[in-house]
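Take a look at the letters that make up each chain.
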Amino acid sequence: MQPIAERFQAVFERPASDVFFAPGRVNLIGEHTDYNDGFVFPCALECGTYVALAPRSDNQMQVCAGNFDDEFNVWSLQGAIAQDPSCQWSNYLRGVCAILLSQGHALHAMDVYIEGNVPRGAGLSSSASLAVAFTKALSDINHLNLSVGEVARVAQMAENDFAGCSCGIMDQLASAGGKDGYALLLDCRDLSFDLVAIADSLSIVIIDSRVERNLVGSEYNDRRADCERAAAALGVNSLRDASMELLEQKRGALDALAYRRARHVLTENDRTKRCAAALKAHDLATVYQCMHDSHVSMRDDFAITVPEIDFLVATVDALLDNDGGVRMTGGGFGGCVVALVPKAKAPAIEARVKAGYRAQFGKEPAVYHGKASEGARRLLC
Ligand code: GLA
């Protein structure tokens, strides 16, 4: 039996009927481009959120969260579903129910046990995996047949409207549509994607600075507003429709901050496409250059890195010799660094980073070896 089904049985004193899973993700390159209709290049991870459930015969959604000391949250599927300000984790799930109901879907009441193993606050999308796992579960149980894109959109709307974060679609799409062994070059404008194999000779090393970030209420929403201001000054609907030539031409119409934010987004879109093509062609020197430049742009133009992250990136960068790449991953202000490196280099990188970080900051970073994995799915109970 799945451990999550055992937990369900222990809490609800009856067997679970179904188990679902949705992964966290790591983004290789393409940061803060998704909400500008741009390109991103993430892969789904092995860690994620598990959902065990069984239908109920009334109108109640009764959810118990393993990561929050088996805290319960209960809401009715009849009438409007409100946010619960005293229970933030429940808002992702309340949001999913409210959005599906507002789209006209009928939902079964259920007992649900949820537990995840994505490190929280590390920028590896624990919240997207929560919302995607629950959306996937509701889609299957209620025979809604939502596509990968629809699952991702519902989960994103739940996060936008119920959890207070104006995130883009990258995390939810990667979690819903990940493919074992592949990274996804996603076009966030039309949600189409191209799969790029990650060769067995490469390691995805994820280094968690343990500087905890919290997207909700962080500067994330400010960055998004800066980009919208830049697009308006350039006379385009989104920065995807602008070019560096246009940005330079209209430089005078933008405040200094909006100019730098836009420059990051425009150059990052280009780097993301080049990096994916280079990975396909096994051209690691170009992968190195794209990831290096991406980090510099996040640090100097988008201003979303912190000293701990810059230190980790510089430490790995010095060991790479143009062979592989390293940069901060995710929304910023802490979280993780991702390195895509030849397998043989991974142990030395891990040792150096741990010793150097301890000496500099007095704490040890957590190091994970990521594997590009399959997206949201039903598991055998
Ligand atoms: C967070 C958001 C994503 C994306 C990244 C930055 O992970 O949830 O939508 O904007 O930050 O690339």
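See the structure above.
Residues numbered from 1 in each chain as written. Predicted model: local features only at pLDDT ≥ 70, side-chain atom pairs only at ≥ 80, totals over all residues. Heavy atoms only, no water.

**Student:** Please explain the overall build of the protein chain as it appears in this structure.
**Tutor:** When helices and strands are tallied, the protein chain shows 11 helices and 13 strands. Taken along its principal axes, the extent of the C-alpha atoms in the protein chain is 60 × 50 × 40 Å. Taken across its 381 residues, the protein chain has 57% of its residues classed as buried. The long-range share in the protein chain, meaning contacts at least 24 apart out of those at least 6 apart in sequence, stands at 72%. As displayed, the protein chain has an accessible area near 14,600 Å², and 49% of this comes from carbon and sulfur atoms. (Helix = DSSP H or I, 4+ residues; strand = E, 2+ residues; numbered from the N terminus. Buried < 20%, exposed > 50% of the residue type's maximum accessible area, 1.4 Å probe, protein only. Contact = heavy atoms within 4.5 Å. Areas by Shrake-Rupley, 256 points an atom, 1.4 Å probe, with all protein chains shown as cover.)

**Student:** What is the right way to read the packing of helix H2 (residues 88–102) against helix H4 (residues 148–162) from this model?
**Tutor:** When two helices pack together, their arrangement is given by the angle between the helix axes and the distance between those axes. Contact geometry for H2 and H4: axes closest at 8 Å, N-to-C directions at 115 degrees. Classified by chirality, the crossing of H4 by H2 is right-handed. For the pair formed by H2 and H4, the contact residues are Asn91, Tyr92, Arg94, Gly95, Val96, Ala98, Ile99 and Leu100 on the first element and Val154, Met157, Ala158, Glu159 and Phe162 on the second. Taken together, the residues of the contact of H2 with H4 break down into 9 nonpolar, 2 polar and 2 charged. (Axes fitted to C-alpha atoms, helices over the stretch in contact; angles between N-to-C directions. Left-handed = near helix turned anticlockwise from the far one by under 90°. Nonpolar A, V, L, I, M, F, W, Y, C, P; charged D, E, K, R; others polar.)

**Student:** How should I be thinking about the packing of aromatic side chains in this particular structure?
**Tutor:** What describes a pair of aromatic rings is the distance from one ring centre to the other and the angle between the planes of the rings. This structure, assessed with the given rule, holds 8 aromatic pairs. Between Tyr357 and Phe361 the ring centres are 5.0 Å apart and the planes differ by 50 degrees, which places this aromatic pair in the tilted class. Here Tyr357 pairs with Phe361, and both are found in helix H11 (residues 346–361), just 4 residues apart, close to one helical turn. Taken together, the ring pairs connect Phe8, Phe12 and Phe72 into an aromatic cluster. (Phe/Tyr/Trp six-rings, centres within 6.5 Å; stacked < 30°, edge-to-face > 60°.)

**Student:** Quick question: what am I supposed to make of the side chain of Ser175 here?
**Tutor:** One can find Ser175 in helix H5 (residues 170–177). Judged by relative accessible area, which is 1%, Ser175 ranks as buried. Reaching out from Ser175, the side chain makes a polar contact with the backbone oxygen of Pro23 at a distance of 2.8 Å. Dropping the residues within four chain positions of it, Ser175 is found in contact with Ala22, Pro23, Ala128, Ser129, Val132, Gly375 and Ala376. (Polar contact = N/O pair within 3.5 Å; in protein donor to acceptor, adjacent residues only side chain to side chain.)

**Student:** Just to check I follow, could you spell out the site of the ligand for this structure?
**Tutor:** Around the ligand, the surrounding shell holds 12 residues, and the nearest of these are Glu31, His32, Asp34, Asp171 and Tyr220. Within the contact set of the ligand, an oxygen atom lies 2.5 Å away from a side-chain nitrogen or oxygen of Asp34. Calculation on the ligand without its partners gives an accessible area of 310 Å², and the protein chains cover 99% of this total. Each residue belonging to the shell around the ligand can be placed in one class, and the counts come to 5 nonpolar, 3 polar and 4 charged. (Near = heavy atom within 4 Å.)

**Student:** Looking at this structure, I do not really get the sheet that holds strand E10 (residues 325–329). What am I missing?
**Tutor:** Whenever strands of a sheet pair, they do so through backbone hydrogen bonds, lying parallel or antiparallel. In space, the 4 strands of this open sheet follow the order E10-E11-E9-E12, with antiparallel pairing throughout. Two strands lie at the open edges of the sheet, namely E10 and strand E12 (366–370), each paired on one side alone. Strand-to-strand, the axes of this sheet are offset by a mean angle of 25 degrees, without reference to chain direction. Two elements, strand E9 (residues 202–208) and strand E11 (residues 336–342), share 7 bridges in a ladder whose sense is antiparallel. Its bridge partner being in E11, Ser203 is matched across the sheet by Val341. Contacts from H11 reach E9, E11 and E12 within the one sheet, and its direction differs from that of E12 by about 160 degrees. (Pairing = 2+ DSSP bridges.)

**Student:** How should the sheet that holds strand E2 (residues 39–40) be read in this particular structure?
**Tutor:** The strand order across the open sheet built from 3 strands is E2-E7-E8, with neighbouring strands paired in antiparallel fashion. The sheet is open, and its two borders are formed by E2 and strand E8 (192–197), each paired with just one other strand. Bridge count for strand E7 (residues 182–187) against E8 is 6 bridges, and the pairing is antiparallel. Within the sheet, the bridge partner assigned to Ala183 lies in E8 and is Val196.

**Student:** Before we go on, may I ask you to explain the packing of helix H10 (residues 307–320) against H11 in this structure?
**Tutor:** Where H10 meets H11, the axes come as close as 10 Å, and the angle between the chain directions of the two elements is 145 degrees. Pair H10 / H11 crosses with right-handed handedness. Contact with H10, carried on its side by Pro307, Glu308, Phe311, Leu312, Thr315, Val316, Leu319 and Leu320, involves Ala348, Ile349, Arg352, Val353, Gly356, Tyr357, Gln360 and Phe361 of H11 and no other residues of that element. Of the residues assigned to the contact of H10 with H11, the class counts are 11 nonpolar, 3 polar and 2 charged.

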